[in-house]
Amino acid sequence: MKQTLRSLIIGLTMSICATGAFAQTDAQFSQYYEIPSYFNPSAIGQTDFLRIRGGMRMQWVGIDGAPRDFVGTADMPLKVMGKRLAVGVLFDTDKAGLYNSLNAGAQIAYSRKLLGGSLSAGLQIGFFDQGFKGSEVYIPDDDNYHDSNDDGIPTQDIHGTALDLAAGVWFTHRYFSAGLSATHLTSPTVTMTAETASGSQTTAQEFQFQAKRTLYFTAISNIPINNTLFEIVPSVLVKSDLSFTTGEATVRCRYDKFLTFGLGYRWRDAVVASVSAEFKNIFIGYSYDYATSAIAKASSGSHEVFAGYRMKIDMSDKNRHRHKNIRIM
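As the structure is a computational prediction, the values presented were derived from the model and not from experiment.

1. Observations regarding the packing of aromatic side chains
Taken as a whole and assessed by the stated rule, the structure comprises 9 aromatic pairs. Through pairs of rings, three or more aromatic residues link up here, namely Phe29, Tyr38, Phe39, Tyr216 and Phe306. Across from the ring centre of tyrosine 33, 3.7 Å away, lies the NZ or CZ of arginine 252, which sits over that ring. When the ring centre of phenylalanine 49 is taken as reference, the NZ or CZ atom of lysine 312 above it lies at 5.2 Å.

So this is what it looks like as structure tokens:
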């Protein structure tokens, strides 16, 4: 008999944002502007670089079972028959309480010039894997609040996998970029099976987890300050699962395209401070979240570290058929 997996208290608490309403099927990252392709597959290949980013987020430090996320993205542009394409990959692992998930996908996007910029459309195909460590479940002795024989809570490790899709559009201009996207387009349902042996018979019980479709709007701008080496880089990220909407805004100041400081605010959740540096195509960034919700009473905050590398890709055609001629004098 199929049942919806009943959340344990710790799993339920950690699968909900500090707003108390927005379920986190996708991971939350304060440095969202460094990995736009995580939220929107059409954001790949926007520069002539192979671009790699990896990061780790430790959310709500001080709370047992709080979310821990690892993410990696990579993308690069391509030219095929004179058309500009881009390819990318991403993976993300998330552990919260007794739940763990893996999201991985391959991305492709096509772009063309439009209105003084370029418009890209992208698609992502991959899989979503959800697991639950039932072997670590602890249920107190029976009383008015607990039932140690609750068959809605598995007592063995289970997991399942489902096909996952995402799509989006992205517009890039000299001074800004913005995009709309949707992840988990088909709201994939992951079925996890727990098998119990009783004598010569084996009973299979199925539990289900559904990844909610999530919509994103992302915008990033770049405003140079005349006659200085400084520029202002504001950005916003708005997300909605159609039952609840939240978002965050960030303002960063970059000096000489090397050192960047920023402050941000996530709606009814946290104030964010960030710093990053980029030197010879190597990037490193750090951010700290201070919760503005009641969760601040139990947590010292959230920490996030990102690192990355980029390498120039030659997109020109002028040297494609050139041959060297070695002349011996």
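2. Structural notes on the side chain of aspartate 241
If you trace the backbone, aspartate 241 turns up in the loop between strand S13 (230–240) and strand S14 (245–255). For aspartate 241, the side chain forms a polar contact with the side chain of serine 243, separated by 2.9 Å. Only 2.8 Å separates the side chain of aspartate 241 from the backbone nitrogen of phenylalanine 244, close enough to count as a polar contact.

3. Considering the pattern of salt bridges
Close approach of charged atoms lets side chains of opposite charge pair. Inspection of the entire model under this criterion finds 16 salt bridges. Among the salt bridges present, the one from arginine 266 reaches glutamate 248, with a minimum N-O distance of 3.3 Å. Of this pair, arginine 266 sits in strand S15 (residues 259–266) while glutamate 248 is found in strand S14, placing the two residues 18 residues apart along the sequence. Accessibility expressed as a relative area gives 4% for arginine 266, which makes it buried. The salt bridge partner of arginine 266 is aspartate 269, with a shortest N-O separation of 3.2 Å. Judged by its relative accessible area of 4%, aspartate 269 falls in the buried class.

4. Some points on the confidence of the model for the chain
When pLDDT is averaged across the chain, the result is 86; 87% of the residues are at 70 or more. In this model, residues 1–23 is a region of pLDDT below 50 whose contacts with residues beyond four sequence positions or in other chains number 66 contacts. Low confidence marks residues 321–329, where pLDDT is under 50. Its contacts with residues over four positions away, or in another chain, come to 0 contacts.

5. Some words on the pairing of strand S6 (residues 117–133)
Note: strand S5 (residues 99–114) against S6, 16 bridges, orientation antiparallel. Each residue of the ladder has a partner; that of isoleucine 108, found in S6, is leucine 123. The hairpin formed by S5 and S6 contains 2 residues between the paired strands, and leucine 115 there has a positive phi angle of roughly 50 degrees.

6. Observations concerning the environment of serine 135
Position of serine 135 relative to the elements: it lies in the loop between S6 and strand S7 (157–172). Note: C-alpha distance between serine 135 and threonine 155 (20 residues apart in sequence) is 5.2 Å. Those residues within four positions of serine 135 in sequence are excluded, and the remaining contacts are Thr155, Gln156 and Asp157. Polar side-chain contacts of serine 135 include one of 2.7 Å to the side chain of aspartate 157.

7. Some thoughts on a nonpolar patch on the surface
A contiguous nonpolar patch, built from Leu114, Leu115, Leu119, Val169, Leu180, Phe217 and Val238 and spanning about 590 Å² of accessible area, is present on the exposed surface. Among the structural elements, valine 238 can be located in strand S13.

8. Focus: the nonpolar core
Counting 15 residues, the largest nonpolar core has Phe29, Ile35, Tyr38, Phe39, Val71 and Phe306 as its most contacted members. Taken together, the elements giving at least two residues each to this core come down to helix H2 (36–39), strand S11 (214–221) and S13. Membership of the second largest hydrophobic core comes to 13 residues, among which are Leu98, Phe132, Val137 and Ala162.

9. What about unusual backbone geometry?
Within the chain, leucine 242 stands out as a residue other than glycine whose phi angle is a positive 75 degrees. Structurally, the position occupied by leucine 242 is in the loop between S13 and S14. Assessed through its relative accessible area of 64%, leucine 242 is described here as exposed. Notably, asparagine 281 is not glycine yet its phi reads approximately 70 degrees, a positive angle. Residue asparagine 281 is classed as partly exposed on the basis of its relative accessible area, which comes to 28%.

Conventions used here
Residues numbered from 1 in each chain as written. Predicted model: local features only at pLDDT ≥ 70, side-chain atom pairs only at ≥ 80, totals over all residues. Heavy atoms only, no water. Phe/Tyr/Trp six-rings, centres within 6.5 Å; stacked < 30°, edge-to-face > 60°. Lys NZ or Arg CZ within 6 Å of the ring centre and 35° of its normal. Helix = DSSP H or I, 4+ residues; strand = E, 2+ residues; numbered from the N terminus. Polar contact = N/O pair within 3.5 Å; in protein donor to acceptor, adjacent residues only side chain to side chain. Salt bridge = Lys/Arg side-chain N within 4 Å of Asp/Glu carboxyl O. Buried < 20%, exposed > 50% of the residue type's maximum accessible area, 1.4 Å probe, protein only. pLDDT = per-residue confidence, 0-100. Contact = heavy atoms within 4.5 Å. Pairing = 2+ DSSP bridges. Patch = residues over 30% accessible without salt bridge, like charges linked within 9 Å, V, L, I, M, F, W, Y side chains within 5 Å. Areas by Shrake-Rupley, 256 points an atom, 1.4 Å probe, with all protein chains shown as cover. Core = buried A, V, L, I, M, F, W, Y, C linked by side-chain atoms within 4.5 Å.

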